[in-house]
Amino acid sequence: MAALYAPRYYAAFQCKADRCSHSCCVGWEIDIDEEALALYRSLPGAIGKEIREAIDETDAPHFRLGADERCPLLDGRGLCRIISTVGEGYLCDICREHPRFYNTVGGRLEGGLGASCEEAARLILEEGDYATLLPLGTPDSVCAPCGFDATPLRTRLFTCLSDQAQPLEWRLAAIEQALSLPAPLTVEACRPLFAGLEYLDERHKALFLSCTTPPIPQGEQDALYERFFAYLVYRHASGAEDERGFCCAARMARLLSDLFLALQGQHGLLPVEAAVMISEEIEYSEENTQALLLACAQGMPPLHRM
Ligand code: SF4
């Protein structure tokens, strides 16, 4: 099997566990894959019983959240009882893989970290070299093969984006020109769209609806914007099925980067907080991501060619 390729920060990721202020073990219903379910059904002892009692099988099997929205297998210190009693080998796929994601790009598997995790967001926003991918050995998750190879488009986009000799505004305009993108969608024009999305937290919806497109940043904010934009392109455009799909995702990356900046400047969020909020509300909802991509497709030529 081919090697997994990933950005530099990928291998540095380590879950903060009980030090995490925004744990993914709180507020999310975790679906359990069949292999893990079979393991849990036959696991002996008190922990096996505890796990089975925590599973809800009425619909897709998942861990039933407690009254405080916490995973019932979290102990008082915020540590996972599956890991502390029988080890990581007993985690279901989602718990083991989170916050990692995978894309098949031109026949090779690429991995990344999702920014809904605060530690992943920190690594993403600290890494200036977002364009270099390193081979990381054999992957244990494989995506379906994809005929379109987005690598040349992505390289071209990252070359424009990382041209530190030019101001960010110039680099973003160069990307739009290189990809023949329509004018960027403004945050305020997308309010009806944001209003119709599903939210984990309605307070986030209120924040999104009160943001406006900020001026293109300079100085330190410039680098954070650039890295978040690069992350969104890496995550959403790399696995595109054709050029048009790549361009829609690049346009969405611009919109969400503007929102990222607005949440900081207009609502006082820290960069990591803004990245986590956008990621958990948009990226971790297939419906929301598709709604944004659809909006970004408007105005795009049907047979988009560079
Ligand atoms: S959000 Fe990230 S750091 Fe926090 S518990 Fe989940 S994987 Fe660990």
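The structure presented is a predicted model; accordingly, all values stated were derived computationally and were not measured. (Residues numbered from 1 in each chain as written. Predicted model: local features only at pLDDT ≥ 70, side-chain atom pairs only at ≥ 80, totals over all residues.)

1. Re the site of the ligand
Consideration 1: Residues in contact with the ligand amount to 13 residues; listed here are only the nearest, Cys15, Lys16, Cys20, Cys24 and Cys117.
Consideration 2: Residue composition of the shell around the ligand, by class: seven nonpolar, three polar and three charged. (Near = placed C-beta within 6 Å. Nonpolar A, V, L, I, M, F, W, Y, C, P; charged D, E, K, R; others polar.)

2. A few points about the sheet that holds strand β1 (residues 4–7)
Consideration 1: One open sheet accounts for four strands, arranged β4-β5-β1-β6; its pairing is mixed. Either end of the sheet is taken by a strand with one partner, and the two such strands are β4 (100–105) and β6 (133–135). Shown here is a sheet whose adjacent strand axes are inclined to one another by a mean of 35°, direction ignored.
Consideration 2: Here three bridges tie β1 to β6, and the two strands are oriented antiparallel to one another. Its bridge partner being in β6, Pro7 is matched across the sheet by Leu133. (Pairing = 2+ DSSP bridges. Helix = DSSP H or I, 4+ residues; strand = E, 2+ residues; numbered from the N terminus. Axes fitted to C-alpha atoms, helices over the stretch in contact; angles between N-to-C directions.)

3. A closer look at helix α11 (residues 243–267)
An α-helix turns once every 3.6 residues. As a result, residues three or four positions apart point the same way.
Consideration 1: For α11, built from 25 residues, the straight-helix expectation of 36 Å at 1.5 Å per residue is met to within 8% by its first-to-last C-alpha distance of 35 Å.
Consideration 2: Of the residues flanking the end of α11, it is Gly268, one or two places downstream, whose phi is positive at about 70°. (Expected span 1.5 Å × (residues − 1).)

4. Digging into the nonpolar core
Consideration 1: Residues Ile124, Val233, Ala250, Leu259, Phe260 and Ala275 are the most contacted members of the largest nonpolar core, which totals 78 residues.
Consideration 2: Element by element, the count of residues in this core is highest for α11, at 14 residues.
Consideration 3: Three or more residues apiece are contributed to this core by two domains, here domain 1 (25–97) and domain 2 (149–297).
Consideration 4: In this view, Ala275 contacts Ala115, Ala121, Ile124, Leu125, Phe228 and Phe260; residues no more than four positions away in its chain are not counted. (Core = buried A, V, L, I, M, F, W, Y, C linked by C-beta atoms within 7 Å. Buried ≥ 20, exposed ≤ 12 C-beta atoms within 10 Å, placed from the backbone. Domains from an automatic or database assignment. Contact = placed C-beta atoms within 7 Å.)

5. What about the domain arrangement of the chain?
Consideration 1: Each assigned domain of the chain is listed here: domain 1 (25–97) and domain 2 (149–297).
Consideration 2: When each unit is reduced to the centre of its C-alpha atoms, the spacing between domain 1 and domain 2 is 34 Å.

6. Examining the packing of α11 against helix α12 (residues 271–283)
Consideration 1: Running from N to C, α11 and α12 cross one another at 135°; their axes reach a closest spacing of 9 Å. Relative to α12, the element α11 is oriented oblique. In this structure, α11 crosses over α12, and the sense of that crossing is right-handed. Residues Leu256, Leu259, Phe260, Leu263 and Gln264 of α11 form the contact with α12, whose own contacting residues are Pro271, Ala274, Ala275, Met277, Ile278 and Ile282.
Consideration 2: Taken together, the residues that form the contact of α11 with α12 break down as ten nonpolar, one polar and no charged. (Parallel < 35°, antiparallel > 145°, perpendicular 65-115°, else oblique. Left-handed = near helix turned anticlockwise from the far one by under 90°.)

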